[in-house]
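What the coordinates show
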Amino acid sequence: MKSAFLVLVYLAVTRGLLRIPLMRGKSARQLLEEKGLLEEYRRKFPYSPAAKFEQSEVPMTYDLDMTYYGVIGIGTPPQFFKVLFDTGSSDLWVPSISCTTSSCDDHPKFNSSASSTFQAGTKPFYISYTSGFAEGSTGYDTVKIGDLCVEHQLFGLTETEAVFMGSVPWDGILGMAFPGMTSDGGTTVFVNLWNQGKLPQNVFSMYLSSSVEGSVLVLGGTDPSYYTGGLKWIPLHQASNFWNILIQSITINGNTVACSASCEAIVDSGTAAIIGSSKDINNINGWLGAMSEQYDYASVSCSNIDLLPDIVFNINGHSFALPPSAYVMKFGSGCRTGFAPGSWILGEVFMRQFYTAFDVGNNMVGFAQAV
Ligand SMILES: *[C@@H]1O[C@H](CO)[C@@H](O)[C@H](O)[C@H]1NC(C)=O
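Only a predicted model underlies this, so the values are computations on that prediction, with no experimental measurement involved.

Take the overall build of the protein next. Helix and strand content of the protein: 7 helices and 26 strands. For the protein, the residues scored as buried account for 57% of the 371 residues in total. Within the protein, counting contacts between residues at least 6 apart in sequence, those at least 24 apart form 69% of the total. Summing over all exposed atoms, the protein offers an accessible surface of approximately 15000 Å²; the carbon and sulfur share of this is 53%.

What follows concerns the site of the ligand. Taken together, the neighbourhood of the ligand is formed by N111, S113 and A114. One of the side-chain nitrogen or oxygen atoms of N111 is found 2.3 Å away from an oxygen atom of the ligand. Protein contacts shield 32% of the accessible area of the ligand, which totals 360 Å² for the unbound molecule.

Before going further, it helps to spend a moment on the pairing of strand β19 (residues 311-315). Of all 5 residues in β19, 5 are buried; the element is thus mostly enclosed. On β19, burial covers both faces: I311, F313 and I315 on one face and V312 and N314 on the other are all buried. As consecutive antiparallel partners, β19 and strand β20 (residues 318-322) are separated by 2 residues, and within that stretch N316 has a phi angle of approximately 50 degrees, a positive value.

The 5 strands are arranged β12-β15-β24-β16-β23 in an open sheet whose pairing can be described as mixed. Looking along the sheet, the strands with just one partner apiece sit at the ends: β12 (244-247) and β23 (339-341). In the packing of helix α5 (residues 278-287) onto the sheet, contacts are made with β16 (274-276) and β23, and the angle to β23 comes to roughly 150 degrees.

Core analysis: the biggest nonpolar cluster contains 80 residues, and L219, F313 and F367 have the highest contact counts within it. Top contributing element to this core by residue count: strand β7 (residues 148-160), with 4 residues. Once residues lying within four places of it in the same chain are set aside, the contact partners of F313 are I247, S249, I250, I274, H318, S319, F320, L322, F339, L346 and F350.

In this section: the state of the cysteines. Scanning all chains against the criterion turns up 3 disulfides. Through a disulfide, C302 is tied to C335; the S-S separation comes to 2.1 Å. Disulfide C302-C335: torsion about the S-S bond near 115 degrees, hence right-handed. One end of the pair, C302, is in the loop between β18 (296-300) and β19; the other, C335, is in strand β22 (residues 334-337), with 33 residues separating them in the sequence. Taking the relative accessible area as the measure of exposure, C302 reaches 42% and is therefore partly exposed. Residue C335 is classed as buried on the basis of its relative accessible area of 3%. Each disulfide of the protein joins two cysteines, and with those cysteines numbered along the sequence the arrangement is 1-2, 3-4, 5-6.

Once that is clear, we can look at the UniProt feature "active site" (unreviewed entry) in the protein. Under the UniProt annotation, the feature "active site" (unreviewed entry) is placed at D86 and D268. These residues run over 183 residues, yet every pair of their C-alpha atoms falls within 6.8 Å of each other. Locating D86 in the fold gives a position in strand β3 (residues 79-86). Looking at D86, its side chain comes within polar contact range of the side chain of S89, at 2.7 Å. Turning to its location among the elements, D268 is positioned in the loop between β15 (263-267) and β16. Owing to a relative accessible area of 0%, D268 belongs among the buried residues under this scheme. At 2.7 Å, the side chain of D268 and the backbone nitrogen of G270 are in polar contact.

Tracing the backbone shows N192 in helix α4 (residues 189-195). Among the polar contacts made by the side chain of N192, one reaches the side chain of Q153 at a distance of 2.8 Å. In this structure, N192 is in contact with V150, H152, Q153 and T187, ignoring residues within four places of it in sequence.

Quick look at the sheet that holds β20 now. What the 4 strands build is an open sheet, ordered β14-β13-β19-β20; its pairing is antiparallel. Both outer strands of the open sheet, β14 (255-258) and β20, are each paired with one neighbouring strand and no more. Pairwise comparison of adjacent strand axes, ignoring direction, gives a mean angle of 35 degrees for this sheet. Both strand β13 (residues 249-252) and β19 contribute to a ladder of 3 bridges, which runs antiparallel. The partner of I250 across the bridge, within β19, is F313. Against the sheet, α5 contacts β13, β14 and β19, and its axis sits at roughly 130 degrees relative to β14.

A residue-level look at the protein finds 82% of positions with pLDDT of 70 or above and a mean pLDDT of 84. In the model, residues 1-13 has pLDDT below 50 throughout and makes 3 contacts with residues more than four positions away in sequence or in other chains. Under a pLDDT of 50 for its full length, residues 49-63 has, in the predicted model, 67 contacts with residues more than four places off or in other chains.

This brings us to the packing of aromatic side chains. Two aromatic rings are characterised by how far apart their centres lie and by the angle between their planes. Taken as a whole, this structure holds 19 aromatic pairs when the rule is applied. Ring centres of F320 and F354 lie 5.3 Å apart, and the angle between their planes is 80 degrees; this geometry places the pair in the edge-to-face category. Residue F320 is found in strand β20, and its partner F354 is found in strand β25 (residues 354-359); the two are separated by 34 residues along the sequence. Per residue, the accessibility class of F320 equals that of F354, and both read buried. Among the aromatic residues, those joined into a ring-pair cluster are F178, F190, F204, W243 and F358.

The rules behind each value
- Residues numbered from 1 in each chain as written.
- Predicted model: local features only at pLDDT ≥ 70, side-chain atom pairs only at ≥ 80, totals over all residues.
- Heavy atoms only, no water.
- Helix = DSSP H or I, 4+ residues; strand = E, 2+ residues; numbered from the N terminus.
- Buried < 20%, exposed > 50% of the residue type's maximum accessible area, 1.4 Å probe, protein only.
- Contact = heavy atoms within 4.5 Å.
- Areas by Shrake-Rupley, 256 points an atom, 1.4 Å probe, with all protein chains shown as cover.
- Near = heavy atom within 4 Å.
- Polar contact = N/O pair within 3.5 Å; in protein donor to acceptor, adjacent residues only side chain to side chain.
- Pairing = 2+ DSSP bridges.
- Axes fitted to C-alpha atoms, helices over the stretch in contact; angles between N-to-C directions.
- Core = buried A, V, L, I, M, F, W, Y, C linked by side-chain atoms within 4.5 Å.
- Disulfide = S-S within 2.5 Å.
- UniProt positions renumbered as here; feature names shortened; annotations may be inferred.
- pLDDT = per-residue confidence, 0-100.
- Phe/Tyr/Trp six-rings, centres within 6.5 Å; stacked < 30°, edge-to-face > 60°.

And the structure:
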């Protein structure tokens, strides 16, 4: 009886969830590295992973290492795009057929004349970031994610894009932070999905695999087959448009190495690394014996990675231990720690280790050990 009951509960809990497969492609870093252009790129656009959070303009991701993306359709019939599901921004945008910059060349472009449900918006679209901007027009159309459709979704159609977007595997961005941050004052895709009654729960979650395939965005709840040990819930620290939480401290072997007086961090699927104040990050990298580099992450020897310590994040009374297998990133050019300076962000390096649930209705983030 008991097990039959559990099976029924499991079915009830998982029914109605929509699982969107995410792919992990070559990052812009790998592509530039292969072309021998990475050094030049770094000189032109110094590393600034947190820049999107430091300006008053509507933020957009600017990070060479963002690699997870999924496919959505826009319009009737749908035109397909690979988008980065970014919990650090709120807008949806894709390139349009009016895009004139070369960075659009290798990406599909939205043709509004080919969609019977398209309606032009009244406002222009504008997003700024460190080395330039992306701009264009706005419009409304049906957005298809898996089997779900959002009607009358406001989105940006870019006409000018920054150079680096020519080197990323995704075509556009689908923002999953809160609506207060949209450039055009619109509602985000997720909020529209919920408002239009398409989801069983006002929650989405992500499993980021370290393999090319297997990552998933779950819309409408959490999927226990991707984690063990239960979710540990953390209330958002302050009302803001980001998924921001309070880290009480970061410790190595019981020694506090960062956030000694706590620090506020954003949980961001659109940032590759773990970002923190330079003093704290230098301290962590120092504990790891890593060498700081001018334009890049700190480098660490690829041998004996297993001998490095766990780095423990103490959040809301829970301890989340990040082993070296999670925080050391291997590139063609060597190994680097996934810690870089800026304002605090828990990015993909953290989210690969911990399945992350975003509870929109209750303003909470949940972490659980990923399988
Ligand atoms: C856009 O779609 C219209 C209608 O299907 C078509 O006539 C036109 O050639 C398309 N434009 C481009 C640039 O593909």
